[in-house]
Number of protein chains: 2
Amino acid sequence: MSPQARRSARRTEALSRERIVDAAIAVLDTAGEGGLTFRALSEHLATGPGAIYWHVANKGELLGAATDAVVAAALAATPPRTAPDPSPQERIRAVALALFDAIDAHPWVGVQLSASAWQVTTTPRLLESTGRQVRAMGVPRAEWFTVTSVLVQYILGAAAQNAANAQVLGPDADRDTYLDDVARVWEALDPEDYPFTRVVGDQMRGHDDREQFLAGVDLFLAGITARWPPAS
Amino acid sequence: MSPQARRSARRTEALSRERIVDAAIAVLDTAGEGGLTFRALSEHLATGPGAIYWHVANKGELLGAATDAVVAAALAATPPRTAPDPSPQERIRAVALALFDAIDAHPWVGVQLSASAWQVTTTPRLLESTGRQVRAMGVPRAEWFTVTSVLVQYILGAAAQNAANAQVLGPDADRDTYLDDVARVWEALDPEDYPFTRVVGDQMRGHDDREQFLAGVDLFLAGITARWPPAS
DNA sequence: ACCTGAACACCGTTCAAGT
DNA sequence: ACCTGAACACCGTTCAAGT
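These lines cover the structure that appears in this document, whether it is placed above or below. (Residues numbered from 1 in each chain as written. Chains lettered and ligands numbered in written order. Predicted model: local features only at pLDDT ≥ 70, side-chain atom pairs only at ≥ 80, totals over all residues. Heavy atoms only, no water.)

### What to know about the overall build of chain A
A tally of regular secondary structure across chain A gives 12 helices and 0 strands. Along chain A, helices (α) and strands (β) appear in the sequence α-α-α-α-α-α-α-α-α-α-α-α when read from the amino end. Of all 232 residues assigned to chain A, the portion counted as buried reaches 49%. Partitioning the intrachain contacts of chain A with sequence separation of at least 6 by distance along the chain shows that 69% fall at a separation of at least 24. Of the accessible surface of chain A, which amounts to about 11,000 Å², a share of 53% is contributed by carbon and sulfur atoms. (Helix = DSSP H or I, 4+ residues; strand = E, 2+ residues; numbered from the N terminus. Buried < 20%, exposed > 50% of the residue type's maximum accessible area, 1.4 Å probe, protein only. Contact = heavy atoms within 4.5 Å. Areas by Shrake-Rupley, 256 points an atom, 1.4 Å probe, with all protein chains shown as cover.)

### Remarks on the interface of chain B and chain A
Residue-level contacts link 63 residues of chain B with 63 residues of chain A. For the chain B and chain A pair, buried surface summed over both sides reaches about 5,400 Å², with 65% attributable to carbon and sulfur atoms. Three residues, Phe145(B), Phe196(B) and Leu219(B), lead the burial of chain B against chain A; their summed loss comes to 15% of the area buried on that side. In this structure, the connection of chain B to chain A is made through 0 salt bridges. (Buried area = accessible area lost by both parts, 1.4 Å probe. Salt bridge = Lys/Arg side-chain N within 4 Å of Asp/Glu carboxyl O.)

### A look at the protein's contact with DNA strand C
Surveying the vicinity of DNA strand C reveals 17 residues, the closest of which are Thr47(A), His55(A), Arg39(B), Tyr53(B) and Lys59(B). Within 4 Å of the protein, the atoms of DNA strand C are drawn from sugar and phosphate moieties in a proportion of 51%. Interatomic distance of 3.2 Å between a backbone N/O atom of Leu15(A) and a phosphate oxygen of DNA strand C. (Near = heavy atom within 4 Å. Polar contact = N/O pair within 3.5 Å; in protein donor to acceptor, adjacent residues only side chain to side chain.)

### Here we look at the nonpolar core
Of all hydrophobic cores here, the largest spans 129 residues; its most connected members are Leu41(A), Tyr154(A), Phe213(A), Leu41(B), Tyr154(B) and Phe213(B). Top element by residues in this core is helix H9 (residues 144–169) of chain B. It accounts for 13 residues. Leaving out residues up to four positions away in the same chain, Leu41(B) has contacts with Ile20(B), Ala23(B), Ala24(B), Val27(B), Leu36(B), Ile52(B) and Leu62(B). (Core = buried A, V, L, I, M, F, W, Y, C linked by side-chain atoms within 4.5 Å.)

### Considering helix H10 (residues 175–187) of chain A
Taking 1.5 Å per residue as the helical rise, H10(A) with its 13 residues ought to reach 18 Å, and the 18 Å between its terminal C-alpha atoms agrees with that figure. By the burial criterion, the buried members of H10(A) are Tyr178(A), Leu179(A), Asp180(A), Val182(A), Ala183(A) and Trp186(A). On the buried face of H10(A), the contacting elements are helix H9 (144–169) and helix H11 (195–205) of chain A together with helix H8 (122–136) and H9 of chain B. (Expected span 1.5 Å × (residues − 1).)

### Focus: the side chain of His106(B)
All names here are of chain B. Within the secondary structure, His 106 is located in the loop between helix H6 (88–105) and helix H7 (107–116). You can call His 106 buried: its relative accessible area is 18%. Contact partners of His 106, with chain neighbours within four places excluded, come to Asp 29 and Val 70.

### Side note on the packing of helix H8 (residues 122–136) of chain A against helix H11 (residues 195–204) of chain B
At their nearest, the axes of H8(A) and H11(B) sit 8 Å apart, and the two run at 90° to each other. Classified by the interaxial angle, the pair formed by H8(A) and H11(B) is roughly perpendicular. In contact with Pro124(A), Leu127(A), Glu128(A), Gly131(A), Arg132(A) and Arg135(A) of H8(A), H11(B) contributes Pro195(B), Phe196(B), Thr197(B) and Val200(B). Along the lines of polarity and charge, the residues of the contact of H8(A) with H11(B) split into 5 nonpolar, 2 polar and 3 charged. (Axes fitted to C-alpha atoms, helices over the stretch in contact; angles between N-to-C directions. Parallel < 35°, antiparallel > 145°, perpendicular 65-115°, else oblique. Nonpolar A, V, L, I, M, F, W, Y, C, P; charged D, E, K, R; others polar.)

### Observations concerning the packing of aromatic side chains
Note on aromatic pairs: each is described by the distance of the centres and the angle between the planes. All told, the structure shown has 15 aromatic pairs over all chains when counted by the stated rule. Their ring planes at 35° and their centres at 5.5 Å tell us that Trp144(A) and Phe196(B) sit as a pair that is tilted. Of this pair, Trp144(A) sits in helix H9 while Phe196(B) sits in helix H11, placing the two residues on different chains. Accessibility classification places Trp144(A) together with Phe196(B) in one group, the buried group. When the centroid spacing of 5.8 Å and the interplanar angle of 10° are considered together, the rings of Tyr154(B) and Phe213(B) count as stacked. Of this pair, Tyr154(B) sits in helix H9 while Phe213(B) is found in helix H12 (residues 209–227), placing the two residues 59 residues apart along the sequence. Assessed through its relative accessible area of 0%, Tyr154(B) is described here as buried. A network of ring pairs unites the aromatic residues Phe100(A), Tyr154(A), Phe213(A), Phe220(A), Phe100(B), Tyr154(B), Phe213(B) and Phe220(B) as a single cluster. (Phe/Tyr/Trp six-rings, centres within 6.5 Å; stacked < 30°, edge-to-face > 60°.)

Written out as structure tokens, the structure is:
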């Protein structure tokens, strides 16, 4: 609204890739994915749209760098110790929750991660922090890659979908009435075609996204333990 | 390149929402998500960009309708019977693979599904076809919604990420050399920080995406069976 | 080396005007 | 009721020109 105010306030330091990425994250968080514009961003940085291209190749690279920064921060922030010597399962839950919360706080990260994922800098980070625990759970070496990949895919995919759903709702709307609306639609479906969905509609009403996400992680871990029981 | 050729060929029937959605799917499949433009689409349909708005509210609704059409077709196409009387597990695998293949063939569906998912027409379809099998596996009624949701989230999330990876590669590039390149990068990481990722790099080299996806489904099913053993 | 800002090609969407 | 196509506001990106 008043670009002048911002324009004079900032711009003591020179432009840098890091400052650009930080500003991009700020814009993405406040204005959403559609709000990240080179014009809006350059206004934030008190410069012209062309200046950004000196430090960043294009919008895709900028989104990738912003995503990587958020994921790195989420994985670096060690969660408060719940146990003095956490089990691999507890560590995996902690990593999963850290990612869930980060994606919940920055929904655009979810879209980005499940739409590009592999190869980028982010992937080794994720693989490493979950893979070590998979190894510690006694999964045979030959299955390390498969099991870890699948686990990471669940974590990212589920977190992304949750964030997207939360996004649709918006921060102001009432979650309970929203869920109730959806439940009503489900319960009104054709009994012939949708017997299960009709029954399950009511269960959706009060559910907690975080709990459901963790239940999925636990189901995965239970599957791993069932397939490769710990040598007791 | 030669819009005239197309323009005179079509346009015997009137425009309709269905024809627009079909054309949108064709454009998305050939030109990718970025290729779907109201101008490109209207050229395909031998009409003006404004005409589409009579049948479709906006681009978001069009993408949603296209996604729903693809998912509905994937779920409707009954996979070839592998067993005369398939178990719930086999049915779930079949549904999961049908979705995996559909998303692999139409990568834009993955992005769309994991970025909007809930509430749309598509969700009840997915919930219903997997939920019935979850019920048949003996999961207690109180857990139906959680277990089914989590399973669907894995299927959609993993399929979307796989499709995105395949997309990055492109249809012409050699998959083996690409995987080899990524493996090399992983194997060159700092041994202090990335011991696991370095070891696992080689396992990624020859892996099959479909097999890995199915391994994830099986891990889930194993977890369900472990938690709620069938009353034998 | 780094920044400026006008310019280019393109996009989603609207809407007066037609049939 | 349905379609046309020009017009609007906006976007990512480029690039000659400046410092």
